[in-house]
Amino acid sequence: MKSEKRHGYGYYVFVLVGFVLIAIVCASCSGKPNGGRTVANGERTPISIMAPLHFPHPPSDEAIARIEELTNTKLDINWVPDGIYTDKMNTSLTTNSLKKATFVKHTDYIFIKNAIRSGSFWEIGPYLEQFPNLRHLDDDILKQSAVDGKIYGLYTERPSSRQGVIIREDWLDRLGMNKPGTLDELYEVIKRFTVNDPDGNGKQDTVGLADRNDLVFGAFKTLSSYFGAPNNWGLSAAGDALIPEFETKPYKDTMNFMKRLYEEKLINPDFAVTSKEVQRDKLIRGAAGVYIGSMTDVQRLSDEAKQLNPEARFALVNRIQGPKGYRVWSIPNYNGLYLFSKKAIRTEEELLDILAFFDRTMDKDVANLMRYGIENKHYTLSGQSVLLPEETSQLRVTEIGALYALMIADLSNPNVLEASEKETMWALAGRLSADNEKFLVKDPTIGLESKTYDEKSVELYKIVSDATYNYILGHLSESGFGEEVNRWRREGGNAIAKEYTDAFFME
């Protein structure tokens with residue numbers, strides 16, 4: 001009897017082991033790897049993403065299909081034009097309709113920290129070590145983007161400053177001018193591009209500077225750093241407190257410079273309500289000749305302008321000397337993050353699958369597809385160097401360019417191949433952005449916490465931005481601007497200044 005029981009037990013163990021082995025084999029065949037994970041039943045992981053669109057067109061269906069195949073995912077990407085991205089993101093947050101992964105610009109990040117603290121997003125820090133690429137993300141950048149010391153986002157990596165001046169070089173040549181190197185010379189270029197018929201059509205139908213309704217990424221903040229303003233916050237004259245940039249003389253000098261351009265009609269008169277798309281269009285059509293902002297915009301401006309006028313040529317300037325020498329404002333080394341909604345992502349397992357997707361995008365095959373496109377269509381390889389033929393430049397802009405917004409930590413990703421023949425303007429923008437590192441003006445409050453700023457920054461910023469525009473447009477006097485600054489202080493600015501000052505001197 002005992003031997004029969006032993007036989008029965010061994011039989012059942014044998015059968016159980018057999019089923020386990022079959023299950024393991026089936027699981028290994030059920031789906032393609034997804035960032036080191038597998039998907040049951042061979043089904044692709046569905047991932048919804050909200051991402052900014054910086055190009056005229058979203059990526060081609062072919063490129064998206066390649067990414068889906070390589071990552072074993074089914075992507076539902078809502079591409080939102082950059083000019084309306086902040087409004088769209090805020091609407092999604094307010095209506096609790098965020099995608100599983102939502103990009104948040106670093107300039108907007110502060111505005112949703114309360115939602116982060118209230119538990120609307122997953123904390124991802126504890127999971128990063130599980131992934132071969134994510135575990136090597138830069139600790140300093142992760143700390144810059146942390147909320148109360150916790151990691152919630154995967155960052156998109158950017159140089160500290162890509163700010164500079166884009167100028168129609170053929171107009172400079174026609175007027176016998178050199179590229180500007182000082183603020184006075186920059187003013188002179190803007191003026192002569194307005195009044196001296198730089199396009200040679202016999203009409204005074206151009207403006208020197210095209211700008212848009214953005215005091216940060218438009219012309220204003222870059223000009224303010226040339227004038228010597230601090231980056232958001234600076235030390236008081238006594239060195240014992242932090243004060244906001246708009247209480248400094250260089251900020252007011254910048255307002256007066258812009259006011260002069262407006263009064264002399266050297267800038268598009270509707271700049272305060274102009275979108276980035278319209279601003280770009282003025283450069284592309286030859287209605288304006290100077291663009292102050294991200295120098296990396298030059299490649300698209302050049303490509304599209306040449307389609308209308310093959311003679312159009314652009315130059316870049318990153319060194320404009322001001323009262324304090326060369327200076328340019330900087331951002332943290334991320335320009336945004338992907339956050340992960342707890343409402344859209346219900347389980348930890350689902351979160352891990354989505355993190356696995358982003359980890360997989362950092363692998364060599366996917367990362368270079370996102371960066372350069374499809375081999376032998378958008379680029380070719382010479383050994384381990386990428387060749388970017390000029391004849392496929394526009395195709396890359398149309399079909400691939402937008403994918404750059406999905407790339408995380410790309411600058412330090414060793415899997416991204418170097419391009420040996422970059423487009424000339426893109427390469428120049430990269431070199432000048434690297435040169436900016438020599439004279440950066442950093443924001444001293446990066447990494448510091450101010451609860452009042454988190455709570456009231458949106459409404460308080462509107463006070464200052466409205467006052468700045470109204471001063472430039474002549475609707476507000478200098479004393480009136482001062483009164484608005486005092487209102488900013490009364491309604492929360494004093495508390496913000498104290499909290500930042502306390503945190504700054506405690507470090």
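### Some remarks on the packing of helix α10 (residues 249-263) against helix α17 (residues 451-472)
Working step 1: Their axes nearest at 8 Å, the elements α10 and α17 cross at an angle of 45°. Considered as vectors, α10 and α17 are oriented oblique to each other. Touching Tyr251, Met255, Asn256, Met258, Lys259 and Tyr262 of α10 are Val464, Thr468, Tyr471 and Ile472, all from α17.
Working step 2: Along the lines of polarity and charge, the residues of the contact of α10 with α17 split into seven nonpolar, two polar and one charged.

### Observations concerning the packing of aromatic side chains
For any two aromatic rings, the description comes down to two numbers: the centre-to-centre distance and the angle of the planes.
Working step 1: Enumeration according to the criterion identifies 22 aromatic pairs in this entry.
Working step 2: Note on Trp233 and Tyr500: the rings are 5.4 Å apart at their centroids and 70° apart in plane angle, and the pair reads as edge-to-face. Here Tyr500 lies in helix α18 (residues 478-506) and Trp233 lies in strand β7 (residues 233-235), a separation of 267 residues in the sequence. Both residues of the pair, Trp233 and Tyr500, belong to the buried class.
Working step 3: For the pair Tyr372 and Tyr379, a centre-to-centre distance of 6.0 Å together with 55° between the ring planes defines the contact as tilted.
Working step 4: For Tyr372, a relative accessible area of 5% corresponds to the buried category.
Working step 5: An aromatic cluster is present here, built from Phe220, Trp233, Phe246, Tyr251, Tyr453, Tyr471, Phe481, Trp488 and Tyr500 joined pairwise through their rings.
Working step 6: Sitting over the face of the ring of Trp329, Lys221 holds its NZ or CZ atom 5.4 Å from the ring centroid.
Working step 7: The ring centre of Trp122 lies 5.6 Å from the NZ or CZ of Lys342, which sits over that ring.

What counts as what
Residue positions are given per chain, counted from 1 along the sequence in the order it is written. Owing to the predicted nature of the model, reporting of local features is limited to residues with pLDDT of at least 70; listing and counting of side-chain atom pairs is limited to 80 or more, with chain, interface and lining totals taken over all residues. The basis for every side-chain value is the complete set of non-hydrogen atoms in the structure, without hydrogens or water. Note on geometry: axes are C-alpha line fits, over the in-contact stretch for helices, and angles between N-to-C directions span 0 to 180 degrees. Helical segments are the DSSP runs of H or I of at least four residues, strand segments are the runs of E of at least two, and each set is numbered from the N terminus. Any angle from 65 to 115 degrees is called roughly perpendicular, while one under 35 is roughly parallel, one over 145 is roughly antiparallel, and all others are oblique. Contacts were defined at the residue level, with two residues in contact if any of their heavy atoms lie within 4.5 Å. Polar here means any residue other than Ala, Val, Leu, Ile, Met, Phe, Trp, Tyr, Cys and Pro, which are nonpolar, and Asp, Glu, Lys and Arg, which are charged; Gly is therefore polar. For Phe, Tyr and Trp, rings pair up if their centres lie within 6.5 Å, where Trp contributes its six-membered ring, and each pair is then called stacked (planes under 30 degrees apart), edge-to-face (over 60) or tilted (otherwise). Accessible area is worked out with a 1.4 Å probe on protein chains only. A residue is then buried under 20% of its type maximum, exposed over 50%, and partly exposed in between. Two thresholds decide whether a charge sits over a ring: the Lys NZ or Arg CZ must be within 6 Å of the ring centre and within 35 degrees of the ring normal.

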